[in-house]
Amino acid sequence: MFKGLSFVSRRVPVLGSVGYARNGTTLANAAVQRRMYASAKVALAEDLTLETHTDNQTAAIEQANERGAMANPEVMDSGMQSLQHAYRESGDYGTRPIYLDMQATTPTDPRVLDTMLKFYTGLYGNPHSNTHSYGWETNKEIEKARNYVAQVIKADPKEIIFTSGATESNNMALKGVSRFYKKTRNHIITTRTEHKCVLEAARAMKNEGYEITFLNVDPQGLVNLQELEAAMRPETCLVSIMAVNNEIGVMQPLKEIGELCRKRKIFFHTDAAQAYGKIPIDVNEMKIDLLSISSHKIYGPKGIGAMYVRRKPRVRLDPLISGGGQERGLRSGTLAPPLVAGFGEAARLMMKEYGNDSAHIRRLSDKLMNGLLSIDHTILNGSADHRYPGCVNISFAYVEGESLLMALRDIALSSGSACTSASLEPSYVLHALGKDDALAHSSIRFGVGRFTTEEEIDYVIKAIRERVDFLRELSPLWEMVKEGIDLNSIEWSGH
Ligand SMILES: Cc1ncc(COP(=O)(O)O)c(C=O)c1O
Ligand code: FES
């Protein structure tokens, strides 16, 4: 019924030491391994009488030898096999599909991984140790990363707090700010189309006695500024409105929202997980007071993100985590230097590649969108004008979204956030736009990114067209539509 899986090239940079290939290991993999063996051999050959633990790899090999590793091939091999998974792209699921789920996560840029590696070997000092060079050298790298992360949004590095990701940052903003100002301000404003972590954090604050306004959005997915202003009260402590929506790519008017908030002396938080580095953001010009960032949406490692917290006028917040007082007392706990450095490099690359990425993503997304919208009875969900181009959400009428996804196993896609959870409810974001269940259930989200190729897009357009046609042929509703029957005129009998 369907064409077999096709092999299409990926657009990936290959570096000196780290590279990606579509399937299996790469030459670069072998090169890295060779380099590791070579350095281990040199280290072993050197005089080991010097009493130092500086070279932990040498010490580890030496200890392994002492403990009889030579007699145990498994232990002896373990050093050599340590990179066996490092460049594996194919899993246990056969040929891997084309990846178009960039809003869920992005592939790690090889340059990011290259930056991270040295923190797993030589640079292992605790960045908070300030009594010796191990701490200082790692700390220097942390501050370099902080600087890159800040530059993307024109912030001061002192205003960047590292967290585990945007979920934590969003929780920190909603819970931290409102708890700090609890005595005088107990009202939070947000919208119905926020990410689950903002909605749930807001609900948690409701249970703590705060009042929450969930603003509606218009059919384009945009907040209405008059409604926002009308919802503001003297006791409002925070307005939290996302920058780019993760399901439909709609961009909210950040500058206008920031101005309204500043005028009323209310803090403005934006969840920029899908926007950071992808659309221009200037925290001062847009009067943003808090902003959440996620590294794995910008080709960086997972498990790390940041929160921008304005210093002037100063935003105060209660920390979620208590402890040693790291990160200006707002986020205790030892930082993860490999992740921080990888995140920093990812941020640097977002700036360096901004022109190329934007042009590439816009060109491929436009091609994809035009190709798909030329199929009959399809609709683009969300505003056509105020959108981040790399997220395209389309409903295919008279086709069940789930069936379409099943028929598209050679393409990794999502049908909105509801389907990523086990629930079979249609997307609450599309509902907030006023879409009916049927259209919400037939929606698919396509994410285009830095490494997507034109060949992949051509393949996807063709595959979707074929499979939508095929599924519609099976649908009795489609039969009626073709006969010119107005489905709205039918009175369906209950059963
Ligand atoms: C808009 C938005 N906010 C928050 C998050 C959560 O980010 P993280 O995975 O870094 O916790 C995501 C990612 O799914 C997102 O798209
Ligand atoms: S089951 Fe697919 S959109 Fe809900």
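This text goes with the structure placed above it.
Okay, so let's go over this structure.

The rules behind the values
Residues numbered from 1 in each chain as written. Chains lettered and ligands numbered in written order. Predicted model: local features only at pLDDT ≥ 70, side-chain atom pairs only at ≥ 80, totals over all residues. Heavy atoms only, no water. Salt bridge = Lys/Arg side-chain N within 4 Å of Asp/Glu carboxyl O. Helix = DSSP H or I, 4+ residues; strand = E, 2+ residues; numbered from the N terminus. Buried < 20%, exposed > 50% of the residue type's maximum accessible area, 1.4 Å probe, protein only. Pairing = 2+ DSSP bridges. Axes fitted to C-alpha atoms, helices over the stretch in contact; angles between N-to-C directions. Contact = heavy atoms within 4.5 Å. Patch = residues over 30% accessible without salt bridge, like charges linked within 9 Å, V, L, I, M, F, W, Y side chains within 5 Å. Areas by Shrake-Rupley, 256 points an atom, 1.4 Å probe, with all protein chains shown as cover. Lys, Arg positive; Asp, Glu negative; His and termini not counted. Charge placed at Lys NZ, Arg CZ, Asp CG, Glu CD. Core = buried A, V, L, I, M, F, W, Y, C linked by side-chain atoms within 4.5 Å. Domains from an automatic or database assignment.

1. Here's the deal with the pattern of salt bridges
And step 1. Per the stated rule, a full pass over the model turns up 23 salt bridges.
And step 2. The closest approach of N and O atoms between Arg111 and Glu353, which form a salt bridge, is 2.7 Å. Remark: Glu353 occurs in the loop between helix 10 (337-352) and helix 11 (354-373) and Arg111 occurs in helix 4 (residues 110-120); sequence separation between them is 242 residues. Summarising the burial analysis for this pair, Arg111 and Glu353 share the class buried.
And step 3. Between Lys482 and Glu473 there is a salt bridge whose closest N-O contact spans 3.4 Å.

2. Notes on the sheet that holds strand 12 (residues 443-447)
And step 1. The antiparallel open sheet is built from three strands, whose spatial order is 9-10-12. Each edge of the open sheet is held by one strand with a lone partner, namely strand 9 (378-380) and strand 12. Each strand of the sheet is rotated relative to its neighbour by a mean of 25°, with strand direction disregarded.
And step 2. In terms of strand pairing, strand 9 meets strand 10 (residues 391-396) through three bridges, oriented antiparallel. In the strand pairing of strand 10, Ile379 is matched with Ser395.
And step 3. Packing against the sheet, helix 11 makes contact with strand 9, strand 10 and strand 12, and its axis sits at approximately 5° to strand 10.

3. Regarding the sheet that holds strand 6 (residues 267-271)
And step 1. Ordered by their spatial adjacency, seven strands build an open sheet running 2-8-7-6-5-3-4, and the pairing between neighbours is mixed. Unpaired on one side and paired on the other, strand 2 (160-163) and strand 4 (211-215) mark the two borders of the sheet. Taken pair by pair, the neighbouring strands of this sheet meet at an average axis angle of 20°, ignoring direction.
And step 2. With three bridges joining them, strand 5 (residues 236-240) and strand 6 adopt parallel strand pairing. When the sheet's bridge partners are listed, Val239 is paired in strand 6 with Phe268.
And step 3. Strands strand 3 (187-191), strand 4, strand 5 and strand 6 of the sheet are contacted by helix 7 (residues 196-207), whose axis makes an angle of about 150° with strand 4.

4. A short note on a positive patch on the surface
And step 1. Taken together, the side chains of Lys158, Arg311, Lys312, Arg314, Arg316 and Arg328 present a region of like positive charge at the surface.
And step 2. Relative to the helices and strands, Lys312 is located in the loop between strand 8 (305-309) and helix 10.
And step 3. Judged by its relative accessible area of 71%, Lys312 is exposed.

5. Remarks on the nonpolar core
One broad rule of soluble globular proteins: the nonpolar side chains tend to lie buried together.
And step 1. Counting 91 residues, the largest nonpolar core has Ile153, Phe162, Val239, Tyr276, Leu291, Phe396 and Phe446 as its most contacted members.
And step 2. For this core, the element with the highest residue contribution is helix 16 (residues 454-473), accounting for eight residues.
And step 3. Each of domain 2 (119-352) and domain 3 (354-489) contributes no fewer than three residues to this core.
And step 4. Setting aside chain neighbours within four positions, we find Phe162 in contact with Ile142, Ala145, Arg146, Val149, Ile304, Gly305, Ala306, Glu327, Arg331, Leu335, Val340 and Phe343.
And step 5. Core analysis: the next-biggest nonpolar cluster, separate from the first, contains 24 residues, Met172, Leu174, Leu238 and Phe267 among them.

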